[in-house]
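Each chain, letter by letter, is given below.
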Amino acid sequence: KHHRHFARQLAGVITNDFMTTGEMVRQANLEHLFRKLKPVLEELIPSVLGELKDELSEGQKKLLTDDVLESIRPQIEAKLEEELPALIKWIETKADDALNLTDLIAQKVVDWGPIRLEEVIYEVSSQELKFIEYYGGIFGFLIGLGQYGLITLLPMNYLLPIVGMGVGVITNYLAIQMLFYPRQPRGIGPFKFQGLFPKRQGEIAQAQAKIAAAELIIADEIFIKLIDALIPKEIDDAAAEHYEDLIGSRFPAIKSMVEMVLTKDQRGALRLKMVDRFRALLPQISKMVATQAAEQIDVHKILFDKVATLPKLAFEQLLRGLFKEEEVYLVIYGGLLGGLMGLVQLGLISIRF
């Protein structure tokens, strides 16, 4: 019933406490990624200029020789090296705004549907759910002994539904509390006690990290979406002129050469060719970045380390924050079902006597 609410809660917990798009960018070592991309980027301007040579006059061709084109590459390489730290910082700054990881994860959980959500909850918490059943039975039996004594001593049969409600509420409430408390191991004589969730924190962290890394936070998918968000697929004339001015300010020597050799119309053709070539290269760039990022980022390890090392109180707040409403319903429905069982008991006793 609370599938969508749970999806939003879970996504918020992951992105607020454990993983954001910006953190993934920082984990990815962008400097290493861009060094892999440098040959592709360095080739872009010279190769487009080379293609344009066929459309130039003989006089222009003499000015735009192969040696001149080759001399451009060191300038581009040096400038890319110089601009790299600022570029990386810009991407880290823009990453969280460009790609809302909370929305992405929430939608994935919604897309799971109720059946897969149920499977995930059992994967993570099957022992705890069994624990509630078993200790509900133990507490119910103990309270039932007291109930039996009261019925034997006093004519209180009509109170059975009310007592049943109390039994249902108390047993479920106590079982839930025993999932979390005590947070640290406590001893009574030879017996050691600890809440099942804090006792199994490492196992739960492992299960959560495994599911998140396999189904929710997939590095190559996220980086492809991030590139799509940061770099528009469609570039209009105004944007193309802006990028041309940007390149010109970064590479003044190349700008001067282009302005000296090419006419205004030819510079427009060059701009369009640059845009087309970059658009054609974008899938290759996206794939390279995504592949390299996926190799560098171990989402499973990052999430496991963070969840497994949480202080016990923070770990409890993490889990109870996800299931807060469900915990209340479990106690309420325990009371309602206990009251129903009390009516059944009353009916059986009435038939007997």
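For every chain, the first residue of its written sequence is number 1, and the numbers climb from 1 along that sequence. Given that this is a predicted model, residues contribute local features only at a pLDDT of at least 70 and side-chain atom pairs are listed and counted only at 80 or more, while totals for whole chains, interfaces and linings are drawn from all residues. To get the side-chain values, all heavy atoms of the structure are used, and hydrogens and water are removed first.

(A) Structural context of the overall build of the protein chain. Scanning the protein chain from N- to C-terminus turns up 16 helices and 2 strands. Any residue under 20% of the maximum accessible area for its type is buried, any over 50% is exposed, and the rest in between are partly exposed; the area is computed with a 1.4 Å probe on protein chains only. Of all 353 residues assigned to the protein chain, the portion counted as buried reaches 40%. Considering only contacts in the protein chain between residues 6 or more positions apart, those separated by 24 or more positions represent 85%. Helical segments are the DSSP runs of H or I of at least four residues, strand segments are the runs of E of at least two, and each set is numbered from the N terminus. What makes two residues a contact is simply this: any of their non-hydrogen atoms within 4.5 Å.

(B) Quick peek at helix H7 (residues 160-180). In this scheme, a helix's expected span is set at 1.5 Å multiplied by one less than its residue total. Here H7 contains 21 residues, and its C-alpha end-to-end distance of 31 Å stays within 8% of the 30 Å for a straight helix at 1.5 Å per residue. When we look at burial in H7, the residues that qualify are Leu160, Pro161, Gly164, Val167, Gly168, Thr171, Asn172, Ala175, Ile176, Gln177, Leu179 and Phe180.

(C) Highlighting the packing of helix H9 (residues 201-216) against helix H14 (residues 299-308). Each axis is a line fitted through C-alpha atoms, taken for helices only over the stretch in contact, and angles between the N-to-C directions span 0 to 180 degrees. Closest axis-to-axis distance for the H9/H14 pair is 8 Å, and the angle between their directions is 150 degrees. On the basis of their axis angle, the class for H9 and H14 is roughly antiparallel. Taken as a pair, H9 and H14 cross one another with a handedness that is right-handed. Judged by residue contacts, Gln201, Gly202, Ala205, Gln206, Gln208, Ala209, Lys210, Ala212 and Ala213 of H9 engage Val299, His300, Leu303, Phe304, Val307 and Ala308 from H14. Every angle not falling under 35 degrees, over 145, or within 65 to 115 is termed oblique; those three ranges are roughly parallel, roughly antiparallel and roughly perpendicular. Left-handed describes a crossing whose near helix is turned anticlockwise from the far helix through less than a right angle; right-handed describes the clockwise counterpart.

(D) Molecular detail of the nonpolar core. Only buried residues count toward a nonpolar core, which is a set of Ala, Val, Leu, Ile, Met, Phe, Trp, Tyr and Cys residues joined through side-chain atoms within 4.5 Å. Counting residues in each nonpolar core, the largest one holds 66 residues, and the members touching the most others are Met19, Met24, Leu216 and Ile217. The element best represented in this core is helix H6 (residues 101-153), accounting for 12 residues. Those residues in contact with methionine 19, other than ones at most four positions away along the chain, are Ile14, Met24, Leu101, Ile217, Val299, Ile302 and Leu303.

(E) Fine view of the pattern of salt bridges. Salt bridges, as used here, are contacts in which a Lys or Arg side-chain nitrogen is within 4 Å of a carboxyl oxygen on Asp or Glu. Using the criterion set out here, one finds 12 salt bridges in the structure. Notably, a salt bridge pairs glutamate 23 with lysine 306, separated by 2.7 Å at the nearest N-O pair. Within this pair, whereas glutamate 23 is found in helix H2 (residues 21-27), its partner lysine 306 is found in helix H14, the two being separated by 283 residues in sequence. Notably, a salt bridge pairs glutamate 203 with arginine 200, separated by 3.0 Å at the nearest N-O pair. For glutamate 203, a relative accessible area of 47% gives the class partly exposed. Connected via shared salt-bridge partners are Arg116, Glu119, Glu123 and Glu215.

(F) Layout of the side chain of glutamine 177. Within the element layout of this structure, glutamine 177 appears in helix H7. Here glutamine 177 is in contact with Arg320 and Glu327, once residues within four sequence places are set aside.

(G) Examining the environment of glycine 347 more closely. Tracing the sequence through the fold places glycine 347 in helix H16 (residues 324-352). On a C-alpha basis, the gap between glycine 347 and leucine 160 in space is 9.9 Å, while along the polypeptide they are 187 residues apart.

(H) A look at the packing of aromatic side chains. Side-chain rings of Phe, Tyr and Trp (the six-membered ring for Trp) are treated as a pair once their centres are within 6.5 Å; stacked means planes under 30 degrees apart, edge-to-face means over 60, and tilted covers the remaining angles. Under the definition given, this model contains 5 aromatic pairs. With 5.6 Å between their ring centres and 35 degrees between their planes, phenylalanine 6 and phenylalanine 323 make a pair best called tilted. With a gap of 317 residues between them, phenylalanine 6 in helix H1 (residues 3-18) and phenylalanine 323 in the loop between helix H15 (312-322) and H16 connect regions that are remote in the sequence. For phenylalanine 323, a relative accessible area of 25% corresponds to the partly exposed category. Judged by centre distance (5.1 Å) and plane angle (40 degrees), the ring pair of phenylalanine 180 and phenylalanine 197 falls under tilted. Of this pair, phenylalanine 180 sits in helix H7 while phenylalanine 197 sits in helix H8 (residues 196-199), and the two are 17 residues apart along the sequence. Like phenylalanine 197, phenylalanine 180 is buried. By the criterion adopted, a ring carries a charge over it if an Arg CZ or a Lys NZ lies within 6 Å of its centre and within 35 degrees of its normal. The ring of tryptophan 112 carries the charged tip of arginine 116 above its face, separated from the ring centre by 5.8 Å. Taking the ring centre of phenylalanine 180 as reference, the NZ or CZ of arginine 320 above it sits at 4.3 Å.

(I) Highlighting the side chain of glutamate 23. Overall, glutamate 23 belongs to the buried group, its relative accessible area being 17%. If we skip the residues at most four places from it in the chain, glutamate 23 touches Phe18 and Lys306.

(J) Main features of unusual backbone geometry. Going from tyrosine 181 to proline 182, the amide bond is cis rather than trans, its omega being -5 degrees. Inspection of the secondary structure assignment puts proline 182 in the loop between H7 and strand S1 (186-188).

(K) Spatial organisation of the environment of isoleucine 217. Examined against the element boundaries, isoleucine 217 turns out to sit in the loop between H9 and helix H10 (219-230). The class for isoleucine 217 is buried, based on a relative accessible area of 1%. Between the C-alpha atom of isoleucine 217 and that of isoleucine 105, which follows or precedes it by 112 residues, the distance is 7.3 Å. Those residues in contact with isoleucine 217 that sit more than four places away from it in its chain are Ile14, Met19, Met24, Ile105, Ala212, Ile222, Val299 and Leu303.

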